[in-house]
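# Breakdown of the fold
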Amino acid sequence: MKFGGTSMGSAERIRSAAALSEEAWRQRPTVVVVSAMAKVTDMLLEALRHAEGGDEAGLERLLRQLDEKHRQCCAELLEGARRSETQRVLDGILEEFSRIARGVFMLGERPPRSVDEAVAAGERLSAALMAGFLQSRGVQAEAVNGWDVIVTDAVFGNASPLLPQTREKACALLVPALEQRRLPVVTGFNGATLDGRPTTLGRGGSDFSASILASVLDASELWIWSDVDGILSADPRLVPGARVLEEVTYREAAELAYNGAKVLHPRTLAPLMEKGIPVWSRNSFNPSIPGTKIVPETKDGPVGPRAVTSMTNVALVSVDPASAVLSGTRIMARSLEALSAANAEVLALTSSSYRQNFCFLIRTAELPAVIEKLEETFSLELAHGYLHPIDVDLDVGLIAIVGEGMRGHPGLAGRIFTAISQQMVNVIAIAQGSSELTIGIVVRKDGIEKAVRAVHEECGLGR
Ligand code: ADP
Ligand code: ASP
Ligand code: MG
């Protein structure tokens, strides 16, 4: 089971998470994966940014805040010798972080591999607190560093696991612990390359850590504890009438996550699909309700639209030939190569038939690298005016309607567009894959919330 940042957000929350872990551990071999306490990863990253910018006071302030937050939590959770012992571990982790941050300060630079090693501190701190508290309750828990188990490639900041090597490590480290009835509390988010360099799995990556471990350990189930009652028909912060879905398929959950439903990290389900390991999305604030079960196929079968999700940190990039002598297909192929070289993911792609111009949607964070690679690829065409300057529109958002079996609902797309336009929101681009699973719609950013609510209502997703 995995506990997210809010589920680890305070001493009180850690107590609840520990109680849920203990209950599971008393019934069956269990591995716990933890996120950093809420906001801690942001604070660590901010501290490194201050360090890079030469702002020593800003860095010191954040180091103090991080120290106080964990010290207070430790004091609320533990007493006596166990408190001092755990506090010593916390001090050691923060000392390591501050050593790296000072290195960044001296260099005036934040090399990605140092960032990955440094930000792992968040999960190491929370794992130490959780393991310490469980031990104080008589549970044989032990904090385990994710980087001692999860082996990844060397893409710092967004690494991918190497599953066979991870399986070997998990069998050597976690299986004996489980056989001896111990409860490993593994740090989420981080791993290491084969030669031991620390990496991270991307923001929100603790879900992914948990699914990687569930897969290599052949777990019978994975439970992801968060702060919502499961996977809902929409983000409850945008749509108050959103409903908990009892079951969704892997494909639906993956599409939702990929298109912005923060409740799951987009890559969580991939390691589990082949083995059919079911995932429960549950609320650690409300553990009496079962949550959502993610399964290969739902009992009801494909029922059409089930949920709507949205994303605003996106950019629409247009590539537009100015001359008919260019082959549109060739331009598209080279653009996609540039996107791949920039390590960017295409969230939606549309093209018109005659003018051969096309546009694609990417995450804003990936924009600088994408523009650099596109301008490099097309330097000649741009210099000679064969290609219009590459156009970027940041004032957009993506809405995605997800559900298996939407093809069996004729007129659905029309109804969705009507519902959106009745809110006076303009549709800028449409992308519907052949998978019948997702309809993607790009609209103006300020219309996104209205559009999400309108689609939710029109498709009857709250019922
Ligand atoms: P954790 O810290 O436990 O990993 P996250 O904050 O990453 O939790 O994800 C949970 C949040 O995801 C919820 O608070 C909710 O606002 C948001 N969310 C977005 N879309 C959905 C959805 N369709 N169903 C449930 N939650 C959603
Ligand atoms: N702590 C990491 C983050 O904030 C990973 C996670 O919480 O899943 O991105
Ligand atoms: Mg999360």
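Look up a bit, the structure's there.
Read on for a plain summary of the structure. (Residues numbered from 1 in each chain as written. Chains lettered and ligands numbered in written order. Predicted model: local features only at pLDDT ≥ 70, side-chain atom pairs only at ≥ 80, totals over all residues. Heavy atoms only, no water.)

## Looking at the sheet that holds strand β12 (residues 307-311)
Spatial ordering of the open sheet is given by β12-β17-β19-β18, a layout of four strands whose pairing is antiparallel. The sheet is open, and its two borders are formed by β12 and β18 (427-432), each paired with just one other strand. Across the sheet, the mean angle from the axis of one strand to that of its neighbour is 20°, orientation sign disregarded. The pairing of β18 with strand β19 (residues 438-444) spans five bridges and is antiparallel. Opposite Val427, over in β19, you have Val443 as the bridge partner. The sheet contacts of helix α14 (residues 412-422) involve β17 (396-402), β18 and β19, and relative to β19 the element is tilted by about 20°. (Pairing = 2+ DSSP bridges. Helix = DSSP H or I, 4+ residues; strand = E, 2+ residues; numbered from the N terminus. Axes fitted to C-alpha atoms, helices over the stretch in contact; angles between N-to-C directions. Contact = heavy atoms within 4.5 Å.)

## Here's the deal with the site of ligand 1
Of all residues adjacent to ligand 1, which total 17 residues, the nearest are Asp227, Leu232, Asp235, Arg237 and Lys262. Within the side chain of Asp235, one N or O atom sits 2.9 Å away from an oxygen atom of ligand 1. Contacts to ligand 1 include Lys262, whose side-chain N or O atom sits 3.0 Å from an oxygen atom. Against a free-state accessible area of 570 Å², the protein chains account for coverage of 90% of ligand 1. Here the shell around ligand 1 is built from residues that sort into seven nonpolar, five polar and five charged. (Near = heavy atom within 4 Å. Polar contact = N/O pair within 3.5 Å; in protein donor to acceptor, adjacent residues only side chain to side chain. Areas by Shrake-Rupley, 256 points an atom, 1.4 Å probe, with all protein chains shown as cover. Nonpolar A, V, L, I, M, F, W, Y, C, P; charged D, E, K, R; others polar.)

## Side note on the pattern of salt bridges
Taken as a whole and judged by the stated rule, the model has 23 salt bridges. Measuring nitrogen to oxygen at the nearest pair gives 2.7 Å for the salt bridge that ties Lys275 to Asp218. Of this pair, Lys275 sits in the loop between α10 (270-273) and β10 (279-283) while Asp218 sits in the loop between α8 (206-216) and β8 (222-226); the two residues are 57 residues apart in sequence, bridging distant segments of the chain. Across the salt bridge formed by Glu345 and Arg363, the nearest N and O atoms sit 2.9 Å from each other. Taken together, the residues Glu345 in the loop between α11 (328-341) and β14 (348-351) and Arg363 in strand β15 (residues 358-363) connect sequence positions 18 residues apart. Relative accessible area serves as the criterion here: at 36%, Glu345 is assigned to the partly exposed category. The network of salt bridges with shared partners includes Glu22, Arg26 and Arg137. (Salt bridge = Lys/Arg side-chain N within 4 Å of Asp/Glu carboxyl O. Buried < 20%, exposed > 50% of the residue type's maximum accessible area, 1.4 Å probe, protein only.)

## Description of the site of ligand 2
Around ligand 2 lies a shell formed by Ser35, Thr41, Glu123, Phe189, Arg203, Gly204, Gly205 and Ser206. At 3.0 Å from an oxygen atom of ligand 2 is found a side-chain nitrogen or oxygen belonging to Ser35. With respect to ligand 2, the backbone of Gly205 contributes an N or O atom lying 3.4 Å from an oxygen atom. Contact with the protein chains hides 86% of the accessible area of ligand 2, taken as 260 Å² for the molecule alone.

## Looking at the pairing of strand β6 (residues 190-193)
Where strand β4 (residues 151-152) and β6 come together, two bridges link them in parallel fashion. Bridging from a neighbouring strand, Thr152 pairs with Thr193 of β6. In terms of strand pairing, β6 meets strand β7 (residues 198-200) through three bridges, oriented antiparallel. In the sheet register, Gly191 faces β7, and the bridge partner there is Thr199. Turn length for the β6-β7 hairpin, with the two strands adjacent in sequence and antiparallel, is four residues, and the turn residue Gly196 shows positive phi of about 85°.

## Remarks on the environment of Pro368
Secondary-structure assignment places Pro368 in helix α12 (residues 367-377). Here Pro368 falls in the exposed class, since its relative accessible area comes to 57%.

## Some words on the side chain of Thr30
In this fold, Thr30 is placed in the loop between α1 (11-27) and β2 (32-34). Its relative accessible area of 7% is what places Thr30 among the buried residues. A distance of 2.9 Å separates the side chain of Thr30 from the backbone oxygen of Arg28, its partner in a polar contact.

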